[in-house]
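One-letter residues, chain by chain:
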Amino acid sequence: MFNEANSVENLVRDLVAEMGWDFVPADKLPREESEILVEQYLVNSLVKLNPAIAEDPSRANEVLYKLRVIIQSSIGMGLVRANEEFAEWLRNEKTMPFGENGDHVSVILIDYENTDNNDFIVTTQYTFKSGQERRPDLVLLVNGIPLVIGEAKTPVRPAISWVDGAIQLEEYQKSIPELFVPNVFCFATEGKTYRVGSIKLPIEKWQPWRNTKDDVFEQLEEVKNSIRRMVKPEVVLELLKDFTLYSTSKGGQQIKILCRYQQYEASKQIVKRVIDGRVKKGLIWHFQGSGKSLLMVYAAMQLRHNPHLRNPTVIVVVDRIDLNSQISATFNASNVPNVVIADSREELQTLLQQDTRKVIITTIHKFGESEGILNERENIIVLVDEAHRTQEGDLGKKMRDGLPNAFLFGLTGTPINTRDRNTFWAFGAEEDENGYLNRYSFEQSVKDKATLPIYFEPRPVELHINKNIIDSSFDWMAQENKLQYGDKAKLSDQAGKFGILTKAPDRISKVCQDIVNHYKKHVEPNDFKGQVVVWDREACHLYKQEIDKYMEPEESAVVMTLRKGDPKEWHEMYALTDDEQEKLLDRFRDVNDPLKLLIVTSKLLTGFDAPINEVMYLDKPMKDHTLLQAICRVNRPYPNKDHGLVVDYLGIFDNVAEALNFDVEEMQTVISNIDLLKQELPIAVERCLSHFPNIDRELDGYEGLLAAQDCLRTDEDRDRFAADYSYLARHWEALSPDTFLNEYEDDYKWLTQVYESIKPPSGNGKLIWHALGGKTLKLIHENVTVQTIRDDLETLIMDASILEHLTEKDAKDKAKKLAVKIEWKLHVHVDDPRFQELGERLEKLKEMHYQNTINSIDFLKKLLEIARETVQLERETEAEPVDDTKESLTKLFLECKVETTPVIVEKIVNDIDSVVKYTRFDGWQWTTTGEREIQKALRQTLLKYKLHKEQELFDRAYEYIREHY
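If you're wondering where the values come from, they're calculated on a predicted model, not measured in any experiment.

**Some thoughts on the pairing of strand 24 (residues 613-618)**
Phase 1: For strand 24, the buried fraction is high: 6 of the 6 residues fall into the buried class.
Phase 2: With 4 bridges joining them, strand 24 and strand 25 (residues 644-648) adopt parallel strand pairing. Residue L618 lies in a different strand from strand 25, and its bridge partner there is D648.
Phase 3: Regarding the hand of the β-α-β motif, the stretch spanning strand 24, helix 23 (residues 624-631) and strand 25 is right-handed.

Shown next as structure tokens:
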């Protein structure tokens, strides 16, 4: 019999043992279970690696004391902050007064120069007790310090995956944070997939670890390949020393960043090429959204710290002001030392002529303004962002003239086609395959879930514009930055024609109505947001005025660059300082903020990162690099988001190959017509229904539901159905509410009810037993069968003596109904560990019954025990009902009264009451979707009265609703 211990856990243990980690069983380690560190090993290493401590071994205790204080402080200061402080010790950046006359000397915990001087140990079932007892499956220790923690899951259960291991590690970080204070990274695997994450990283951001040139490995080979690449002793130490950053999120939360494998690989290649000194350039293509900004941070830090390079200068070159601020923000947020920004030609010249040895961030245009040689040193390394845009005209040449001996590395998020000869000439080395030093493609990024697939949806043909004019406008825009090479009058004429056509009042009216209708039906129900991309700045204003007719003004905003000659009205409505713009974009990123749509023409089409953005309404002609960069604003991963969508109002994607005219064939698959989902949906429905042969789906209530459950008798049967249903549900959510779905709605509703009725009440198997999407929930909330499942469990708890008179058949029927009732109650409280434990007992009990290891009467007896415990637990959990809800809400509003609060408080309260009662469903407080729906309903009601920005009012009202509705 296979299980996680004798297969996956042992596999990983044996693999890492082959790579230089010594296996020591946990009970053989010289430590108490209340200790994080194996202190005896650490003391030995401190004495071995530090001459000052070898002179006086008691000094090791002083170091241990410091480390213990940091470990214990994780509960107060927070795990990430404690981890950052501990990492400073691990990287040998801390000193102690152990030198002559009390001088401070560096304390070496790990030898990075000669790795053989360290002790590398792997152990299993590393028990730690701190109020609670937890036992991670695999722990890797360096010099007695636990640096890597892994969870292995069973390989034989389809629903159990690496996700369940990651969830367990997430729980450990909450319950025993001390164990993770020294942590470099965590990993989880079920023997088919390997994923890695840093502490406190949301599970949807966990990543694989591969090589950009790897073939596709299947299941076990994939896991072996990942472990062999990542869990080598020297790689673990590299990741700790050179590839871990600490930053601050948009919300002000401290986060730890572990590099992605393509960043690790490319930055090492850059450093190696510079050290070798033979080839002085390289071209790196990493697809949009895969982390080029952080790649430059990793490369710059390693270049600056490398002793072979004799204190080099690293210049990060960008070509736009907005990208300049984004790159500098990334460097600053990552606490990279010695970073300066050259905002002017004079600053850049001064820094280079004074031989400044720092990281200099500047724009390509500052080189264009300079003359002559700026610095002839060889240890200058230039990293050029969006390289395909910076080599036109004289800008690239001026940069080379100014830095004749520098290393030049070009980074791009879009592929270079053969017409971009300047870019290949500038950065592509003959020694590199296909001209690229490193390449991370669209397919790889989607496979890794670093980015999402993008679909396009064409809109009605009557909204399109004459194709010939679109084509001529494409040509004009392609030459927009090179007017000196073309006929300005002719180009202006083409542009003018197109602008007049796109901004015709009747067309704007129809397009804006369509945008709002599409957004409200397809995007808003799942709490995503969108961008509207229009022809020019005047169009931004016109579209805003029109969209305001169909949405609240607070739900959309214009972001554009204003000029002195623009109408006064535009300045009054749209002028934003940098700080105000950033606050506006933070509002857009906030799921609870009413701002839904950003209207833009050129701003925010590159470098803007808002994962909540799912849709781009495209009403501006673009092509090639510009188009690809723009549409990739919607490809960032986000919870419950499985694709980005581009709604095409011009027919740009009538010919995808022409719109994205790259020579690399795979780019033709970057964007697919959403009609492909329509083709796949009927097949997905049939695949789900095939699990239920000869079942009458017209049967209401228990008969139909129990008959369906009889077709899914084992865990394997249920997991296979869940995987097929998950695939169908993703398609449904993407297409709904398209009328195309009407003929499949009854089948989908029935399948959803079956899915919910057999979903594990313990919460296990998160990979395929997912939370229903907003559109699916809306479809089934009022369904009769689901309401039947929600009946009161107490009426079914019988006296044990009745069991004596039951036949096996009677017991079997009663047990089936009772199990459904219990499962619903447990689903309502799925996030409560006490109910999860009952759910696990129920799952094991049902599996025993399916395998005929207990008869139906015993099954019913044990079910009754679980039912009684469930009811008792619910009585202890539920709050006392409150009758005067409206009166209390009124009181709450008066307590929070501000100048903007309308006088008619009673009307607000009535509105909230009716909206919440309509939106709520039993147990909404215990589901993410339910909480989100109620928050949205409350926010929209407050918006009607212009109170949506009163955060205290919102928070208190929501907490009251959560407790009493």
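**Describing empty space enclosed by the protein**
Phase 1: Going through the model one piece at a time under the given rule, you end up with 3 cavities of 30 Å³ or more.
Phase 2: Roughly 160 Å³ of internal volume is contained in the largest cavity.
Phase 3: As for the largest cavity, its lining consists of L706, Q709, D710, R713, K812, A815, K816, A819, K846, H849, Y850 and F859.
Phase 4: Elements with a contribution of two residues or more to the lining of the largest cavity: helix 26 (701-710), helix 31 (808-828) and helix 32 (833-850).
Phase 5: Residue contributions to the lining of the largest cavity peak at 4 residues, all from helix 31.
Phase 6: Here the lining of the largest cavity is composed, by residue class, of 5 nonpolar, 2 polar and 5 charged.
Phase 7: Of the residues that make up the lining of the largest cavity, three or more belong to each of domain 4 (682-782) and domain 5 (792-878).
Phase 8: The computed volume of the second largest cavity comes to approximately 110 Å³.
Phase 9: In terms of residue count, the dominant contributor to the lining of the second largest cavity is helix 36 (residues 928-944) (4 residues).
Phase 10: In the lining of the second largest cavity, the residues fall into 4 nonpolar, 3 polar and 8 charged.
Phase 11: Inspection of the lining of the second largest cavity shows a minimum of three residues originating in each of domain 3 (466-672) and domain 6 (885-964).

**Examining the sheet that holds strand 10 (residues 194-197)**
Phase 1: Read across the sheet, 6 strands follow the order 1-4-7-8-9-10 without closing on themselves; strand pairing throughout is mixed. Every interior strand has two partners, whereas the edge strands, strand 1 (22-23) and strand 10, have only one.
Phase 2: Here strand 8 (residues 145-152) pairs with strand 9 (residues 185-189) via 5 bridges, running parallel. Paired with A152 across the strands is T189, a residue of strand 9.
Phase 3: Of the strands in this sheet, strand 9 and strand 10 are in contact with helix 7 (residues 219-230), which crosses strand 10 at around 35 degrees.

**A short note on the packing of aromatic side chains**
Phase 1: For the structure on display, the rule yields 19 aromatic pairs.
Phase 2: Judged by centre distance (5.4 Å) and plane angle (55 degrees), the rings of W209 and Y264 are tilted. Highlighted residues: W209 in the loop between strand 10 and helix 7 and Y264 in helix 9 (residues 261-276), separated in sequence by 55 residues.
Phase 3: Between F588 and F608, the aromatic rings sit 6.2 Å apart at their centres with planes inclined by 40 degrees, giving tilted as the arrangement. Here F588 is found in helix 22 (residues 578-589), whereas its partner F608 is found in the loop between strand 23 (597-600) and strand 24, with 20 residues between them in sequence. Each member of the pair, F588 together with F608, is buried.

**A look at the pairing of strand 11 (residues 244-248)**
Phase 1: Taken across its 5 residues, strand 11 has 4 buried, putting it largely inside the fold.
Phase 2: Pairing of strand 11 with strand 12 (residues 254-258) involves 5 bridges; the strand directions are antiparallel. The residue of strand 12 that forms the bridge with L245 is I257.

Quick notes on the rules
- Residues numbered from 1 in each chain as written.
- Predicted model: local features only at pLDDT ≥ 70, side-chain atom pairs only at ≥ 80, totals over all residues.
- Heavy atoms only, no water.
- Buried < 20%, exposed > 50% of the residue type's maximum accessible area, 1.4 Å probe, protein only.
- Helix = DSSP H or I, 4+ residues; strand = E, 2+ residues; numbered from the N terminus.
- Pairing = 2+ DSSP bridges.
- Right-handed = clockwise from strand over helix to strand, strands pointing away.
- 1 Å grid on protein atoms, 1.4 Å probe; cavity = no way out; pocket = protein on both sides within 12 Å on 5 of 7 lines; lining within 4 Å.
- Points joined across faces, edges and corners; volume = space filled by probe spheres on them.
- Nonpolar A, V, L, I, M, F, W, Y, C, P; charged D, E, K, R; others polar.
- Domains from an automatic or database assignment.
- Contact = heavy atoms within 4.5 Å.
- Axes fitted to C-alpha atoms, helices over the stretch in contact; angles between N-to-C directions.
- Phe/Tyr/Trp six-rings, centres within 6.5 Å; stacked < 30°, edge-to-face > 60°.

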